[in-house]
Amino acid sequence: MQEIILDILHNSIMVKEKFIKANMELIIQGADKIALCLASGHKILVFGNGGSAADAQHIAAEFVNRFRIERRPLGAIALTTDTSIITSIGNDYGFDEIFEKQIMALGQKDDIAIGISTSGSSPNVVRALKTAKNMGITTLGLTGKGGGNLAQYSDLLFSVDSDVTARIQETHITLGHIFCDLADRILFPEKFSA
Ligand SMILES: O=C(CO)[C@@H](O)[C@H](O)[C@H](O)[C@H](O)COP(=O)(O)O
Ligand SMILES: [Zn+2]
């Protein structure tokens, strides 16, 4: 058992480290886009299924409430939380449209859509990101190896080189925290000076 635990830990560290070192510039570019979007009064729309739905909510909460510094609330909405919206769209149109219709309702040009799918092939995430791109919304795809169908609709693609869902998710939430930290530093530099 101890060997298994240590193997999971080691793997989690390796996957994260490899991803971050290989994508440093891309990560900074993503944080810049997020900061610019929020500075201009636009918002982040974030969505995914299962563990990635939890990640979407976690990331939105950091922006709306706070991360590590005291600052004004920043605009972010997880499209995974309103059960009336999700069940009515799912019931009347189908599960594949639960995020897409919310993007159509809430999204505005120059917002940012963050679609999270470890396989890159969840139809509801792919459809929403495609529609967002067509609406002039900047699209960030957080995915696993290769990026699947999500890749073609992602202005910036954050593809984690692993095929283990849990390891990919662990890297995604680390990336989410890095985005929050960097966006705060770009938006509120005075709060970080000594
Ligand atoms: O958290 C986990 C597995 O770690 C699961 O709940 C997982 O998120 C679900 O199976 C999702 O439906 C997988 O979707 P996706 O990441 O391939 O888009
Ligand atoms: Zn999980």
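Residues numbered from 1 in each chain as written. Chains lettered and ligands numbered in written order. Predicted model: local features only at pLDDT ≥ 70, side-chain atom pairs only at ≥ 80, totals over all residues.

Trainee: I keep staring at the UniProt feature "domain: SIS" (unreviewed entry) in the protein chain and nothing clicks. Help me out?
Mentor: In the UniProt entry, the feature "domain: SIS" (unreviewed entry) is given for residues 34-193. Taken end to end, residues 34-193 is 45% helix and 15% strand, and its two terminal C-alpha atoms sit 21 Å from one another. (UniProt positions renumbered as here; feature names shortened; annotations may be inferred. Helix = DSSP H or I, 4+ residues; strand = E, 2+ residues; numbered from the N terminus.)

Trainee: Sorry, what's going on with the nonpolar core here?
Mentor: Generally speaking, a soluble globular protein has its nonpolar side chains buried in company with each other. In terms of nonpolar packing, the biggest core is built from 40 residues, with I44, V46, F47 and A113 touching the most fellow members. For this core, the elements supplying multiple residues, two or more each, are α2 (24-39), β1 (44-48), α3 (51-64), β2 (76-78), β3 (112-117), α6 (123-134), β4 (138-143) and α7 (165-187). Sequence-distant contacts of A113, that is, excluding residues within four places in its chain, are made with L45, I103, G107, A128, L129, A132, I137 and T139. (Core = buried A, V, L, I, M, F, W, Y, C linked by C-beta atoms within 7 Å. Buried ≥ 20, exposed ≤ 12 C-beta atoms within 10 Å, placed from the backbone. Contact = placed C-beta atoms within 7 Å.)

Trainee: Could you clarify how one ought to interpret α7 in this entry?
Mentor: Each α-helix winds once per 3.6 residues, and so residues spaced three or four apart point in a common direction. Taking 1.5 Å as the rise per residue, α7 with 23 residues should run 33 Å; its terminal C-alpha atoms sit 32 Å apart, in good agreement. Where α7 is concerned, the buried positions are R167, I168, Q169, E170, T171, H172, L175, G176, F179, C180, A183 and D184. The elements touched by buried residues of α7 are α1 (2-22), α2, α3, β3, β4 and β5 (156-159). (Expected span 1.5 Å × (residues − 1).)

Trainee: I'm lost on the sheet that holds β5 in this one. Help?
Mentor: Where strands meet in a sheet, backbone hydrogen bonds hold them as pairs that are either parallel or antiparallel. Strand order in the open sheet made by the five strands is β2-β1-β3-β4-β5, with parallel pairing throughout. With partners counted over all chains shown, the strands left at the sheet margins are β2 and β5, one partner each. Each strand of the sheet is rotated relative to its neighbour by a mean of 15°, with strand direction disregarded. Here four bridges tie β4 to β5, and the two strands are oriented parallel to one another. Bridge pairing in β5 links L140 to L156. The sheet contacts of α6 involve β1, β3 and β4, and relative to β3 the element is tilted by about 160°. (Pairing = 2+ DSSP bridges. Axes fitted to C-alpha atoms, helices over the stretch in contact; angles between N-to-C directions.)

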